[in-house]
Amino acid sequence: MSAFYSFVYDDCVQLLTDGAFLDESGILRAIDRKVFTFANHPIAIACRAASAARAFQTIADLCDFIDSFGSCDDADAVLMFAKEFFGRLEGKGPFDAEFLIAAYSEENGPCHFIVPCHGNWDIPAFKMV
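Residues numbered from 1 in each chain as written. Predicted model: local features only at pLDDT ≥ 70, side-chain atom pairs only at ≥ 80, totals over all residues. Heavy atoms only, no water.

Once that is clear, we can look at the packing of helix α1 (residues 52-67) against helix α2 (residues 75-89). Viewed as axis vectors pointing N to C, α1 and α2 meet at an angle of 125°, and their least axial separation amounts to 10 Å. If you check the angle between α1 and α2, you find them oblique. For the pair α1 and α2, the sense of crossing is right-handed. Here α1 contributes Thr58, Asp61, Leu62, Phe65 and Ile66 to the contact with α2, which in turn contributes Val78, Phe81, Ala82, Glu84, Phe85, Phe86, Arg88 and Leu89. Across the contact of α1 with α2, the residue classes break down as nine nonpolar, one polar and three charged. (Axes fitted to C-alpha atoms, helices over the stretch in contact; angles between N-to-C directions. Helix = DSSP H or I, 4+ residues; strand = E, 2+ residues; numbered from the N terminus. Parallel < 35°, antiparallel > 145°, perpendicular 65-115°, else oblique. Left-handed = near helix turned anticlockwise from the far one by under 90°. Contact = heavy atoms within 4.5 Å. Nonpolar A, V, L, I, M, F, W, Y, C, P; charged D, E, K, R; others polar.)

Here the focus is the nonpolar core. In terms of nonpolar packing, the biggest core is built from 32 residues, with Ile43, Phe86, Phe99 and Ile101 touching the most fellow members. The set of elements that each furnish at least two residues to this core consists of β6 (43-49), α1, α2, β7 (97-105) and β8 (109-116). By residue number, the principal contributor to this core is α2, which donates nine residues. Every residue in contact with Ile101, bar those within four places of it in the chain, is listed here: Ile43, Ala44, Ile45, Leu79, Phe86, Cys111, His112, Phe113, Val115 and Met128. Core analysis: the next-biggest nonpolar cluster, separate from the first, contains five residues, Phe4, Ala46, Leu100 and Ile114 among them. (Core = buried A, V, L, I, M, F, W, Y, C linked by side-chain atoms within 4.5 Å. Buried < 20%, exposed > 50% of the residue type's maximum accessible area, 1.4 Å probe, protein only.)

On to unusual backbone geometry. Even without being a glycine, Phe126 presents a positive backbone phi close to 65°. The topology assignment puts Phe126 in the segment after β8.

Within the secondary structure layout, Lys34 lies in the loop between β4 (28-31) and β5 (35-37). Among the polar contacts listed, one links the side chain of Lys34 to the side chain of Asp18, at a separation of 3.1 Å. Within the structure, the side chain of Lys34 is placed 2.4 Å from the backbone oxygen of Ala20, a separation counted as a polar contact. Once residues lying within four places of it in the same chain are set aside, the contact partners of Lys34 are Ser2, Thr17, Asp18, Gly19, Ala20, Phe21, Ile45, Ala46 and Cys47. (Polar contact = N/O pair within 3.5 Å; in protein donor to acceptor, adjacent residues only side chain to side chain.)

Geometric descriptors of this kind do not, in isolation, establish any biological role.
Here it is as structure tokens:
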């Protein structure tokens, strides 16, 4: 696992994460990017997980899911599809990962959401909270 932070301000969302990839023993194995952006929308997704491959595959699957609906005109449509995607993912069972979504919504302005894919916290799994 790793760390990420998100801060919402009146005019933006600031997202901070490390780039460390650790093995099961906590040994640093790689440093790379953990934030993924949408080219045409003000949205960024950061992830942390016991398995980086699983987290990255989940983000790739999310992008494919959104693309399957055709062109999204705004960030709010992308957020709506992301909410649907994580809801459907719940049926595949829990896994040790969290996703942080930072966005500039046309309707709500700067916002962020955490999506845990496990039941380790007091917030619902697979829900954009």
